[in-house]
Amino acid sequence: MGHDFEFVVVGQGLAGTAVAWQLCARGRRVLVLDRADPHAASRVAAGLITPYTGRRVARTWNLDHCFNIALGFYRHTQAETRAKFFHHAPALRLFADAAERDVARGKIDPTRFDRAINPAWFAAPHGGFDLTPAARLDTQTYLDAYRTLFQERRSYRTFDLDPAADVEPTATGVRLPRLGLTAGCVIFCEGAAGVGNPWFPQVPYNLAKGELLTVRVPGLGETRPVHRGVWLAPLGGETFLAGSTYDRDDLTPTPTAAGRATIEAGLREFLKLPFEVLDHRAGVRPVLRTTKPMLGVHPRWPGLALLTGLGSKGALYAPVYGAMLVNHLTDGRPIDTDVRLPAEVT
Ligand SMILES: Cc1cc2nc3c(=O)[nH]c(=O)nc-3n(C[C@H](O)[C@H](O)[C@H](O)COP(=O)(O)OP(=O)(O)OC[C@H]3O[C@@H](n4cnc5c(N)ncnc54)[C@H](O)[C@@H]3O)c2cc1C
């Protein structure tokens, strides 16, 4: 009671934005802190929501539940900010070989096969299928819209918090001396940067760097994101995003020649048109060994909480698990066991 803020959210990526939004929607007093790192995964991400991935045409975990909630969330947030950042439309998956097509045959409605694959643009001897439900979140526009909104509500500060030195949990909340304020609860939504957070050593990080390119492809009129090992996602006009790579050894946010070469080679396997690279970026995904999100409250200090592990699916998972954490913190509702923060270091 009597805290300057009921909640301080550390990080305004996809996780922190969803958490802060849920808290604001419940009328809670919130302060969002962000160090404005342009390499944060949410700033780099393509924002694709894809229902089936990989050679085994694996269905995304918990897709149906999460997609419906994400759809409602982004429609609502678009209306609130009067910005356009969510594009709900099918994507296209091209098969690399006959084996992939066989795998998909057992899983996908046959009427979705081989729709509108333009042979002038794509080499697709094994065909493909329409991926649905699918969507793309323009993460930069979304995050900027909410940063502005939080600023207007005096709920945002650019601040680089040191979790070890700046956070002092007490019996009733948390002191943040360098900010000169107290909070009922600090919610860490730090993404990959959380790997250095001493309050939550039990989180089983398995971070994965990713790189992507912005390319110009003159003459390509495809309006769907196209997946075939790498993906190509339309940004408008002749400009597309292309990605991405997975690297578990180099966890710097620096783009590499090898990453660029991997994406370019992947594109050339199916894209018949020449392209020009306009930009090249990298970020580190907050992947965990559980391959699922993770959320909960510190086992000893009830004023410290966390949402992480959005992995390569932050656009899909942030709305659902942001709401689950806030429902837990404000109403005591349970957190699903398969995403709950373990009490002990395992
Ligand atoms: C190349 C690439 C492509 C991707 N493509 C997709 C995609 O198509 N679809 C998809 O859904 N996901 C994609 N992802 C994954 C997606 O980016 C992540 O799931 C998501 O962004 C994670 O969000 P987050 O908020 O947990 O972490 P982050 O994005 O890392 O956000 C954390 C925020 O907190 C700030 N911060 C951290 N620590 C502190 C601190 N101590 N003090 C102050 N501020 C702090 C950071 O600066 C940052 O703004 C991609 C990722 C990469 C790298």
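Scroll up to find the structure.
A brief report on the enclosed structure follows. Note that the coordinates shown come from a computational prediction; the quantities given were computed from them, not determined experimentally. (Residues numbered from 1 in each chain as written. Predicted model: local features only at pLDDT ≥ 70, side-chain atom pairs only at ≥ 80, totals over all residues. Heavy atoms only, no water.)

Formed by 49 residues in total, the largest nonpolar core has its most connected members in Val19, Tyr74, Tyr142, Ile187, Leu307 and Tyr321. Here this core gets nine residues from one element, more than from any other, and that element is helix H8 (residues 314-331). When residues no more than four places from it in sequence are discounted, the contact partners of Leu307 are Ala15, Val19, Phe188, Cys189, Met294, Leu295, Tyr321, Gly322 and Leu325. Core analysis: the next-biggest nonpolar cluster, separate from the first, contains 28 residues, Val174, Leu207, Val284 and Leu288 among them. (Core = buried A, V, L, I, M, F, W, Y, C linked by side-chain atoms within 4.5 Å. Buried < 20%, exposed > 50% of the residue type's maximum accessible area, 1.4 Å probe, protein only. Helix = DSSP H or I, 4+ residues; strand = E, 2+ residues; numbered from the N terminus. Contact = heavy atoms within 4.5 Å.)

Bringing helix H1 (residues 14-25) into the picture now. Side chains of residues three or four places apart in an α-helix project in the same direction, reflecting 3.6 residues per turn. The end-to-end C-alpha distance of H1, which contains 12 residues, comes to 16 Å, matching closely the 16 Å that a straight helix rising 1.5 Å per residue would cover. Of all 12 residues making up H1, 10 are buried, and the element is well covered by its neighbours. Buried within H1 we find Leu14, Ala15, Gly16, Thr17, Ala18, Val19, Ala20, Trp21, Gln22 and Leu23. The positive-phi residue at the C-terminal boundary of H1 is Gly27, with phi of around 75 degrees. (Expected span 1.5 Å × (residues − 1).)

Before going further, it helps to examine the sheet that holds strand E9 (residues 135-137). Strands sit in the order E3-E9-E6 across an open sheet of three strands; the sheet is antiparallel. Each edge of the open sheet carries a strand with a single partner, namely strand E3 (48-49) and strand E6 (86-88). Contacts from helix H3 (residues 63-81) reach E3, E6 and E9, with the element oriented near 135 degrees to E6. (Pairing = 2+ DSSP bridges. Axes fitted to C-alpha atoms, helices over the stretch in contact; angles between N-to-C directions.)

Looking now at helix H7 (residues 257-268). Taking 1.5 Å of rise per residue, 12 residues should cover 16 Å, and H7 covers 16 Å from first to last C-alpha, within 8% of that figure. The complete set of buried residues in H7 reads Gly259, Ile263, Glu264, Gly266 and Leu267. Summarising the axial view, the buried residues of H7 lie within an arc of 160 degrees, below the 170-degree limit, and thus occupy one face. Among the exposed residues of H7, those oriented more than 90 degrees off its buried face are Ala257, Ala258 and Arg268. The secondary structure elements touched by the buried residues of H7 are strand E14 (208-216), strand E16 (230-236), strand E17 (239-243) and strand E18 (276-285). (Arc of directions from axis to C-beta.)

Below, the discussion takes up unusual backbone geometry. The amide bond that connects Thr132 to the next residue, Pro133, takes the cis arrangement and shows omega of 0 degrees. Mapped onto the elements of the fold, Pro133 is located in the loop between strand E8 (128-131) and E9. In this model, Gly243 is joined to Ser244 through a cis peptide bond whose omega is -10 degrees. Following the sequence through the fold, Ser244 ends up in the loop between E17 and H7. Phi is positive for Ala36, close to 55 degrees, though the residue is something other than glycine. Within the secondary structure, Ala36 is located in the loop between strand E2 (30-34) and helix H2 (41-44).

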